[in-house]
Amino acid sequence: MNKRTAFLLIAIGVSAQAWAQDEADALRYSRLTTGGTARTQAIGGAAGSLGGDISATHVNPAGLGFFRTNEVVITPGFNFRSNKYDYLGTRTDANNNNFTLNNMGLVFGMPTRGNSGWRNVAFSIDYNRLADFNNKLQIDGVNTTTSYVDRWVDRLNNNGSPLSFNDAASIDPLGASLAFNTYLVDTINGGSSYATWIDPTAPGGIRQRDKVSTKGGLDEVSVGLGANYSDKFYVGLSLNFPRINFERTRTFAEDDLSGNTNNDFGYFEHTENLKTDGVGFNAKLGIIYSPIPNVRLGAAFHTPTWYGMSDASTARVQVDTEGYQPDGQSERYQDTEELTDGLPVEYEYSLQTPWRAMGSFSYIFGTDPDVKQQHGFITADVEYVDYASSKYRFNKGTEGDKEFAKQLNNSIDNLYKGAVNIRVGGELKFNVLAVRAGFAYYGSPYQNSDVDASTTKISGGLGYRNKGFFADLTYVHTMAKDEYLPYSLAGSKIAPATVNGTTGSVVMTVGFKF
C-alpha cells in the first residue's frame, strides 16, 4: 500500500467495509471458462482427455504428452455482447463489442531415447485468457420502497450509535462521507442521528438509474510439462501465473418524481471508479489413460489460486437539495480526493479462489493413435468447482478489517455452493479439413435454487491442416442468466435486476509445426 494512503486510512479509521471487496468480486474471479485455441473452443472447451492441443496446459496438462513435434500458435478473437435487464418492471438493453487475444504459445515435443518406456516429453509456454471483463450494464426503474442512500444512513447511524460529525465527514471517502458533506444525508433529532430527505414512498416514488462499464480480463501465463509412457499413460503438470486487470466505472442516480420542488431533494449521482490488479499462482496436474487406442480417460485437479490483490478507488457525489443547504445553494458536489489529499483510496488484500476437479472421456474413430490416421472423435468433460471455498484475507488491516473479512467469508459460504460444469464436443475429419461442434453448460453457483445463473455455450467451427500449417475458425454463442443487486440494506429485501446476456465470439487460430 502507498505509505501516504496507508497513514491517511489509519488516521481516519477507514475499514474495508468502506470500499470495493464483496461476494460478487470473489465470484467474478472464480467463474472461468476453458478459453484457449479455436479448436478447443469449437468442441465446447472439452480438453480434459483429448490431448494434442496447447490448451491442455490450462485444463489437463497430461494432454501435452501427445506432442511429438514443436508447435507455435496464436488465437485472436472478437466478441459481440448484448445484455437485457429487467429492473422493477422496466426493460433496458446494453451492448458492447471488443477485440481479444485468447491464446498464444509454444510447445516443444521431444522423443526420448532408450528402452525405459517413456516415448516422448513435451514442454509448453502459453498465454491464455480465462475471463473477459469488457461489458456494460444499464438498469432503470421506479422504486417506491427504498433508496440507495439508505445504506449510507445506516453506515453513519452505526447500529444505533451514531458517529460524531468529524467521523461522519471523513470515515467513508467513497460514499457516506461524500453524502454527509453535500447535505444529501444530515442530522435529525437535535444531531443524535442521521437521515436523508429522499422519500421513495412519496407519490411518484424515485427513479433509479445504474450504469456500469467494465473492462479488462483474467489472463494466465503457464509453463507446462507432459510425458507419454508406452502410449498408454500420459502425465502432466503446469505451473500457472494468472493476472487480474479489472476496471469499473459506475454511476448510480436517483431522481425525485413527486413533482414537489420544495422537499429538499431533486436528484443525486454517485460515480465510482475502481481499478483492481491481482497476481496469483496455481498448479494443475493430470493423467490420461488410454487402455486401447480408441479410448482415452482423463482426470485433472486444479489447486486454488492464491492472489495478491490491490484496489485503487475514487468517487464523486453530486446532489440537488433544492436550496436546503445552509449557504442556500441548490447543487453541490464532492470528490474523494478532497478528503484524501488528492490520492485514491488504496487497499491491499489476498483472495483465494476455488479448487477444481474433473473427469474426462474421449473416443477416437480409427484404430491408429497417429493423428494423421484419425477420422474424428467425441469427447466430454465433467468438472466440479466449489465456489463456496473462496476466501478473503485482510492480513495488513485493522481488527475491524479482519472481522469484516470473517463476515464476508461467512457470507460467501452461505451464498454460494459447488457447481458442476459439463463440456462435450466432437470432430469429423476429411483429409486436410475438419468440422467441429461443441456444447458447454456451467452450473449456477448460488445456493438459492430460485436464482438461475447458469451459462450455456454452443459452438461450431472448421479446421485446416496441411504440411505443418493449420488454421481454425470458430464461432461460440454464449447465453448467460444472472441476477444483479444494485445495493443491499440490512433488514430490507432489495429487488434485484434479472440479467439475460448473449455473447457471440469469433475466434481464429493460426499455427505452425516445426
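Attention in this report is confined to the structure presented alongside it. (Residues numbered from 1 in each chain as written. Predicted model: local features only at pLDDT ≥ 70, side-chain atom pairs only at ≥ 80, totals over all residues. Heavy atoms only, no water.)

## Considering the overall build of the protein
We count it as follows: Secondary structure elements are defined from DSSP: runs of H or I of at least 4 residues count as helices, runs of E of at least 2 residues count as strands, and each element is numbered from the N terminus. Throughout this description, buried means an accessible area under 20% of the type-specific maximum (1.4 Å probe, protein chains only), exposed means over 50%, and partly exposed covers the range between. Surface accessibility follows the Shrake-Rupley procedure with a 1.4 Å probe radius. Residue values consider only the protein chains on display as shielding.
The number of helices and strands found in the protein is eight helices and 21 strands. C-alpha atoms of the protein, sized along the principal axes, occupy 90 × 45 × 35 Å. Across the 514 residues of the protein, 53% fall into the buried class. Of the roughly 22,100 Å² of accessible surface on the protein, 56% is carried by carbon and sulfur atoms.

## Structural notes on the nonpolar core
The condition that has to hold: In this text, buried Ala, Val, Leu, Ile, Met, Phe, Trp, Tyr and Cys residues form a nonpolar core when linked through side-chain atoms within 4.5 Å. Residues count as neighbours in contact if any of their non-hydrogen atoms are within 4.5 Å of one another.
With 38 residues, the main nonpolar core has Val149, Trp152, Leu156, Leu184 and Phe268 as its most contacted residues. Where this core is concerned, the elements lending two or more residues are strand 1 (71–87), strand 4 (135–143), helix 5 (150–157), helix 7 (176–181), strand 7 (206–229), strand 11 (305–320) and strand 21 (497–513). For this core, the element with the most residues is helix 7, which contributes four residues. Here Val149 is in contact with Leu184, Val185, Thr196, Ile198, Glu254 and Phe268, once residues within four sequence places are set aside.

## Remarks on the pattern of salt bridges
Defined as follows: Any carboxyl oxygen of Asp or Glu that lies within 4 Å of a side-chain nitrogen of Lys or Arg is treated as forming a salt bridge with it.
Under the counting rule described, the total for this entry stands at 25 salt bridges. When the shortest N-O distance is used, the salt bridge between Arg68 and Asp231 registers 2.9 Å. Here Arg68, found in the loop between helix 4 (56–59) and strand 1, pairs with Asp231, found in the loop between strand 7 and strand 8 (233–256); they are 163 residues apart in sequence, far enough to count as distant. Its relative accessible area of 23% is what places Asp231 among the partly exposed residues. A salt bridge links Lys513 to Glu71; its shortest N-O distance comes to 2.6 Å.

## Overview of the environment of Asn395
When you line up the elements, Asn395 lands in the loop between strand 16 (391–393) and helix 8 (399–415). According to the relative accessible area criterion, Asn395 is exposed, its value standing at 53%. Note: C-alpha distance between Asn395 and Glu348 (47 residues apart in sequence) is 8.9 Å. Setting aside residues no more than four positions away along its own chain, Asn395 makes contact with Ser350 and Lys402.

## Structural notes on helix 5
Put simply, the rule reads: Directions drawn from the helix axis to the C-beta atoms are what define this arc.
Buried within helix 5 are the following residues: Trp152, Val153, Leu156 and Asn157. Relative to the axis of helix 5, the buried residues are bounded by an arc of 135° and lie together on one face. Those residues of helix 5 that are buried are in contact with helix 6 (165–168), helix 7, strand 5 (185–188), strand 6 (193–196), strand 9 (267–289) and strand 11. Positive backbone phi, approximately 50°, marks Asn158, located one or two places after helix 5.

## With respect to the side chain of Asp320
Short version of the rule: Polar contacts, as used here, are pairs of N or O atoms within 3.5 Å; protein pairs need one atom able to donate a hydrogen and one able to accept it. Residues neighboring in sequence count only if both atoms are side-chain atoms.
Secondary-structure assignment places Asp320 in strand 11. Side-chain polar atoms of Asp320 contact the backbone nitrogen of Glu322, separated by 2.9 Å. Not counting the four nearest positions on each side in its chain, Asp320 is found in contact with Asp264, Phe265, Gly266, Tyr267, Ser330 and Glu331.

## A look at the pairing of strand 8
Applicable threshold: One requirement defines pairing of two strands: DSSP has to find at least two bridges between them.
Bridge count for strand 7 against strand 8 is 24 bridges, and the pairing is antiparallel. Looking at strand 8, one finds that Leu225 is bridged to Leu237. In textbook terms, the turn of a hairpin is the stretch between consecutive antiparallel strands, and for strand 7 and strand 8 this stretch comprises three residues, one of which, Ser230, has a positive phi near 60°. Summarising the sheet, strand 8 and strand 9 pair through 21 bridges and their orientation is antiparallel. In the sheet register, Leu237 faces strand 9, and the bridge partner there is Leu285.

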